[in-house]
Amino acid sequence: MASNKKILLKVVILGDSGVGKTSLMNQYITKKFSNQYKATIGADFLTKELIVDDRAVTMQIWDTAGQERFQSLGVAFYRGADCCVLVFDVTAPNTFKSLDSWRDEFLIQASPREPENFPFVLLGNKVDLEPRGISTKRAQQWCQSKNNIPYFETSAKEALNVEQAFQCIARNALSQQNQNDDLYNEFPDQIKLSQPSKSSGSGDSCAC
Amino acid sequence: MEDNCEGCMELFSQDGVLLKQAHSYYIQYFNESGTLYITEYANTKDRFIEWKPNSVTVHSDSHDSEWSFVNAIYRGEQMSPQPPDSKPKYIKLDMNQVRSFKVSKKNDTMTFFDGKGEILCHFFFQHGNCFSLFAALKGLLKTTVSKRDKNIHIIVDETLQLNKSFATLDLFQDSQSASIVWGFVRSFQEKPVETAFGAFAKIGNTIGNNFMPSSSPQPIEEEVITNDVKEYERGVESSDGASPKDYEIIHSSPELPSRLQYPRGNPLSYDQWTALQDSEGRIEDVEYTKLHIFRGGIAPSLRKVVWKYMLDFYPWNSSNADRKTILGKKEQDYYDMKLQWKTLKPWQLQNFVQLRDRLSLVEKDVTRTDRTLPFYAGDNNKNLQAMSDILMTYVMHNFDLGYVQGMSDLLSPILYLLQNEVDAFWCFAGFMERVCTNFDADQAGMKTQLSNLYILLKFSNPTLASYLDNQESGNMFFCFRWLLVLFKREFELHDVFRLWEVVWTNHPCNNFHLLISIAILEKQQSEFIGEEMGFNEILKHVNDLSGKLDVNDILDNAEGLYYQIRESSQLTNEVRQILGLPLIAESSPKDDSTDSIENELMANVDKAYENGLHTSYF
């Protein structure tokens, strides 16, 4: 953090209990899946070095407990986030319904400078499971209503779309940081993320 | 422990104890290091203080000069030792002979006196930790602090607390004995030490040993003791001044006295547990039992039994017959509650979102709780089903609290150990009674705990506290997991058993788990500060400690920390309050209410008993 060259991107993953936050993070970073992850208590993070747009960055991914009452302690963990990843379980409609409150809660607690432009990415996880509770279309509509949040349908278990999703997350986080670093004028508008992902069933994706 | 100790139970043991003064018979052992025991004979219930020398002697010049006054009178004898066989091999002191004892200010010596104030034995504790012995004695005996010297503890005879019964039963057939007893009672002008209470059922023993056989029985005369002690003290103090004797200082900070070692004791064994019960299966001395568990834990095979008491499944004073009734009732209640949710129709659940959400959360967590343990591994595991049923039934048991993440972590070890659904449910419910505020919807309980942790840390280790403060970590969030599930995620299962049962004893203070937290943190201090860790690094470092901690070492240090804090001259009421120590705002209200010492004593015993039963520590 001391070095000027090194870029640290802070990403926070939020969503209901059991939607797969820890599994997604671990699949992305360790390329492994386990049924035996314990429910997250408190908070933890993992880091990964990667190249985004020819720049070496360290992505720090924060994983927190999903039960609502534990969010009151979240403020310390949300602070300074460059991107917020919202996760729901495509087989569990309740987890989709909570997305609004997760997003609102994050904006309140993290209080980013420009809440309306703060980058979120939505992940519909567990696409390997049946039956579907939330259609792709419904998720896409929600994303559009929130200023075109990029949307990925993932399976942490089968490593489906996880890499792509996090690449997009990293880019969004980086652009957010650049804006905050007064590079703002180069990106007057929210980056449009409208290209469909190459993976099946997925809707909006990262423009990059 | 000793070959000639048949049918005797070891209640306490501690090594590193030097014999400094005793009958001249034992002169060959003076200044030798040995092990001190408290033993009890199963048949007679007679208790003894025993001291056995180690084979290796620890004579040194500095010791000799430091303690020269002790040896002076025997110097000649020591020059020409007797053949070893002609002398007793170890010291065995009948506890009934001991009428008072004195703990030095530095907690490194203990002296036992007889009824005339004569020194029976004087021991020096190499590690300065005579608090363990003191605590054990307090568990066994009722004592009161001498009015003239707060370091002298006078043994209140058990007869005292039974005096009501004596009066009604008219046990004293000759009036002389009776007057001795009542004179003895009246001689106490001070409030007895409130925590001390012992076995109630040793009337015969007590009378027999203290009052009946002696031709001229003497009630305790405090004057006599104090005079002797004064003389004795002069010697001690002059020698104390001669050389510093801070043994084994592990940690010191400007505010606190030195950290002493409190090595763990032996686990409570099956035989000991059996001996603690009366003929009807009641535990006679709850505080002593808890103290033993605090010091050494419970033998693994016995946990299944004792945990039911620790977790309020059975009251400590329940008889065998009571327990049969209680078990029947608890089984019935459990299955009634289980039926309540098991028999809900699908449409009922459909329209009962609060319950449905809780049940689904339970399902989610059960499938990811300790699945690496063979006990919970694999598909269609019956134990997982039991865990799920228990948690769902708990939702019905306490709907306001319901199910909150972390609860499955608290249940898992209990179910693993008890292997019975009904037992595990009620023990879990008992555990939840203690920790339910951890799961408050507004997290108020956790916030209080984190803030109390910070207060204790700031008091005991201001350097570390201020470092954490500067790193935006003064909120102690990085300890959240430790506190929420009482270190369940930090240790392997058997260490969790050990740590929990220690915490459940409520010894030596309230919120001992916060001192455990500090004991862990202070070991990380050099890394935190040396590596200039910030908020993120501290959290990561603490999370990564999981599986790398030594439970015994941590308990030793946490206990040591407790005594450091307690003995600190700058102890604040804020800290006292957290640890459940008496506050010092008001001076002791009733000093000499001479007429109803008996009532006061009984009230204190009741209070101590209440405290023992209601062991909530948050």
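Structure shown above.
In short, a report on the structure. (Residues numbered from 1 in each chain as written. Chains lettered and ligands numbered in written order. Predicted model: local features only at pLDDT ≥ 70, side-chain atom pairs only at ≥ 80, totals over all residues. Heavy atoms only, no water.)

What follows is about the overall build of chain A. Check the secondary structure of chain A and you find 6 helices and 6 strands. Start at the N end of chain A and walk to the C end: the helices and strands fall as β-α-β-β-α-β-α-α-β-α-β-α. Evaluated residue by residue, chain A yields a buried proportion of 57% over its 208 residues. For chain A, the share of sequence-separated contacts (at least 6 apart) that also reach a separation of at least 24 residues comes to 70%. (Helix = DSSP H or I, 4+ residues; strand = E, 2+ residues; numbered from the N terminus. Buried < 20%, exposed > 50% of the residue type's maximum accessible area, 1.4 Å probe, protein only. Contact = heavy atoms within 4.5 Å.)

Moving on: the pairing of strand β3 (residues 47-53) of chain B. Residues and elements named next belong to chain B. Most of β3 is tucked away, with 5 of its 7 residues classed as buried. For strand β2 (residues 33-41) and β3, the ladder comprises 7 bridges, and the chain directions are antiparallel. Along β3, the bridge assignment pairs I38 with I49. Counted along the chain from β2 to the antiparallel partner β3, the turn is 5 residues long, and its residue K45 has a positive phi close to 65°. Sheet analysis places β3 next to strand β4 (residues 91-94), joined by 4 bridges and oriented antiparallel. Within β4, the residue paired with I49 across the bridge is L93. (Pairing = 2+ DSSP bridges.)

Of all hydrophobic cores here, the largest spans 192 residues; its most connected members are F106 of chain A together with F112 and L515 of chain B. Per-element tally for this core: the top contributor is helix α18 (residues 421-435) of chain B, with 10 residues. Those residues in contact with F106 of chain A that sit more than four places away from it in its chain are V12, L14, Y78, A81, C84, S111, F118 and F120 of chain A. Formed by 29 residues, the second largest nonpolar core is a distinct cluster that contains V19, V85, C168 and I169 of chain A. (Core = buried A, V, L, I, M, F, W, Y, C linked by side-chain atoms within 4.5 Å.)

All names here are of chain A. Spatially, the 6 strands line up as an open sheet ordered β2-β3-β1-β4-β5-β6, and their pairing is mixed. The open sheet has two free edges, formed respectively by β2 (43-52) and β6 (151-153), since each of these has just one partner strand. Ignoring which end each strand starts from, the neighbouring axes of this sheet average 25° apart. Bridge count between strand β5 (residues 120-125) and β6: 3 bridges; the pairing is parallel. (Axes fitted to C-alpha atoms, helices over the stretch in contact; angles between N-to-C directions.)

Residue and element names in this part refer to chain B. Closest axis-to-axis distance for the helix α19 (residues 444-460)/helix α20 (residues 462-470) pair is 5 Å, and the angle between their directions is 130°. Considering the angle they form, α19 stands oblique to α20. On α20, the residues touching Y454, L457, K458, F459 and S460 of α19 are P462, L464, A465, L468 and D469. Its residues assigned to classes, the contact of α19 with α20 shows 7 nonpolar, 1 polar and 2 charged. (Parallel < 35°, antiparallel > 145°, perpendicular 65-115°, else oblique. Nonpolar A, V, L, I, M, F, W, Y, C, P; charged D, E, K, R; others polar.)

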